[in-house]
Amino acid sequence: HFWLFNKGCLQLGAYPDMPETVEMTPVDHLARSIAALALAPRKELLVANLSNPATLSLRAFFAALAGCGFTAKAEPPAEWQKRLASIGEENALSQIKDFYTGDLSAAPLPVEQTATLAALGALGVGSAPSYEILLPLYLNYFKAEGFLK
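Reading guide: rules and limits
- Residues numbered from 1 in each chain as written.
- Predicted model: local features only at pLDDT ≥ 70, side-chain atom pairs only at ≥ 80, totals over all residues.
- Heavy atoms only, no water.
- Helix = DSSP H or I, 4+ residues; strand = E, 2+ residues; numbered from the N terminus.
- Buried < 20%, exposed > 50% of the residue type's maximum accessible area, 1.4 Å probe, protein only.
- Contact = heavy atoms within 4.5 Å.
- Areas by Shrake-Rupley, 256 points an atom, 1.4 Å probe, with all protein chains shown as cover.
- Lys, Arg positive; Asp, Glu negative; His and termini not counted.
- Charge placed at Lys NZ, Arg CZ, Asp CG, Glu CD.
- Salt bridge = Lys/Arg side-chain N within 4 Å of Asp/Glu carboxyl O.
- Phe/Tyr/Trp six-rings, centres within 6.5 Å; stacked < 30°, edge-to-face > 60°.
- Lys NZ or Arg CZ within 6 Å of the ring centre and 35° of its normal.
- 1 Å grid on protein atoms, 1.4 Å probe; cavity = no way out; pocket = protein on both sides within 12 Å on 5 of 7 lines; lining within 4 Å.
- Points joined across faces, edges and corners; volume = space filled by probe spheres on them.
- Nonpolar A, V, L, I, M, F, W, Y, C, P; charged D, E, K, R; others polar.
- Core = buried A, V, L, I, M, F, W, Y, C linked by side-chain atoms within 4.5 Å.
- Axes fitted to C-alpha atoms, helices over the stretch in contact; angles between N-to-C directions.
- Parallel < 35°, antiparallel > 145°, perpendicular 65-115°, else oblique.
- Left-handed = near helix turned anticlockwise from the far one by under 90°.

I'd like a description of the overall build of the protein chain, backed by residues and values.
Regarding its fold elements, the protein chain presents six helices and four strands. Secondary structure elements of the protein chain, listed N to C terminal, follow the sequence α-β-β-α-β-α-β-α-α-α. Per-residue burial over the protein chain gives 36% buried out of 149 residues. Partitioning the contacts of the protein chain with sequence separation of at least 6, the portion at a separation of at least 24 is 83%. Summed over all atoms, the accessible surface of the protein chain reaches about 9,000 Å², with 59% contributed by carbon and sulfur. If the 11 positive side-chain charges of the protein chain are averaged to one point and the 14 negative ones to another, these points end up 4 Å apart.

Here is the structure:
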């Protein structure tokens, strides 16, 4: 869903200027974290929420994409939604546009992961790589696979 949204916005040339945050956690980091937590001795049940504690605003994310050669401009959500209503099936947003027809002004929900991050730190599992590393890696992969052009 996340990359369909991004690709569709790039195809449209615009994204909704909404208070959404972007969080990306590589699967190898998640796997390493899950394995460390599952194998660590403990006396009680552990509930572990995990996402990358470093997030980007949607505006900062698209600015980073622009720095890699993929541009889209911020638009007020209502204007963007009008454009969204008229896209064809060639736009990646066509598969998920129903998710974006309502109110886009809600703030993202927080993820409580303080105890998880502390447990991972005690186990020697570091944080996910920075977006300066992740974005070019992901974008190069998507270009090589023909998903992004």
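Now that the structure is up, let's keep going.
Describe the pattern of salt bridges, naming the residues involved and giving the relevant values.
Pairing between side chains becomes possible if they bear opposite charge and their charged atoms approach one another. Using the criterion set out here, one finds three salt bridges in the structure. Beyond isolated ion pairs, a larger network of salt bridges with shared partners links Lys-73, Glu-75 and Arg-83.

Hey, could you go over the packing of aromatic side chains for me, with residue numbers and the actual values?
Tallied over the full model, the rule gives 12 aromatic pairs. Between Phe-2 and Trp-3 the ring centres are 5.1 Å apart and the planes differ by 80 degrees, which places this aromatic pair in the edge-to-face class. Judged by relative accessible area, which is 28%, Phe-2 ranks as partly exposed. Through a chain of ring-to-ring contacts, the aromatic side chains of Phe-2, Trp-3, Tyr-15, Phe-61, Phe-62, Tyr-138, Tyr-141, Phe-142 and Phe-147 assemble into a single cluster. Positioned above the aromatic ring of Phe-147 is the side chain of Lys-7, whose terminal nitrogen or guanidinium carbon lies 4.4 Å from the ring centre.

Tell me what's going on with the layout of surface pockets, and back it up with residues and numbers.
In this structure, the largest pocket spans a volume of roughly 310 Å³. Taken together, 18 residues line the largest pocket, and the ones lying closest to its centre are His-1, Met-18, Glu-20, Thr-21 and Tyr-100. The set of elements that each furnish at least two residues to the lining of the largest pocket consists of α1 (2-12) and β2 (21-22). Partitioning the lining of the largest pocket into residue classes produces 12 nonpolar, four polar and two charged. Computed from the structure, the second largest pocket encloses a volume of approximately 180 Å³. Broken down by class, the residue content of the lining of the second largest pocket amounts to five nonpolar, five polar and one charged.

Could you give an account of the nonpolar core, naming the residues involved and the relevant values?
Most often, soluble globular proteins keep nonpolar side chains buried together rather than apart. Phe-5, Phe-61, Phe-62, Trp-80 and Leu-93 are the most contacted members of the largest nonpolar core, which has 31 residues in total. Sorting the residues of this core by element identifies α1, β1 (14-16), α3 (58-67), α4 (77-85) and α6 (131-144) as the ones contributing at least two each. Of the residues forming this core, the biggest block, six residues, is contributed by α6.

Outline the packing of α1 against α3, supporting the account with residue identities and numerical values.
Packing of α1 against α3 leaves a shortest axis separation of 12 Å and a crossing angle of 65 degrees. Considering their axes alone, α1 and α3 lie roughly perpendicular with respect to each other. The two elements α1 and α3 meet at a crossing, and its hand is right-handed. Along the contact surface, α1 presents Phe-2, Trp-3, Phe-5, Asn-6, Cys-9 and Leu-10, while α3 presents Leu-58, Phe-61, Phe-62 and Leu-65.

Run through the environment of Pro-19, naming residues and quoting values.
With respect to the helices and strands, Pro-19 occurs in the loop between β1 and β2. According to the relative accessible area criterion, Pro-19 is partly exposed, its value standing at 40%.

Limitation: the analysis is restricted to geometry and does not speak to function.
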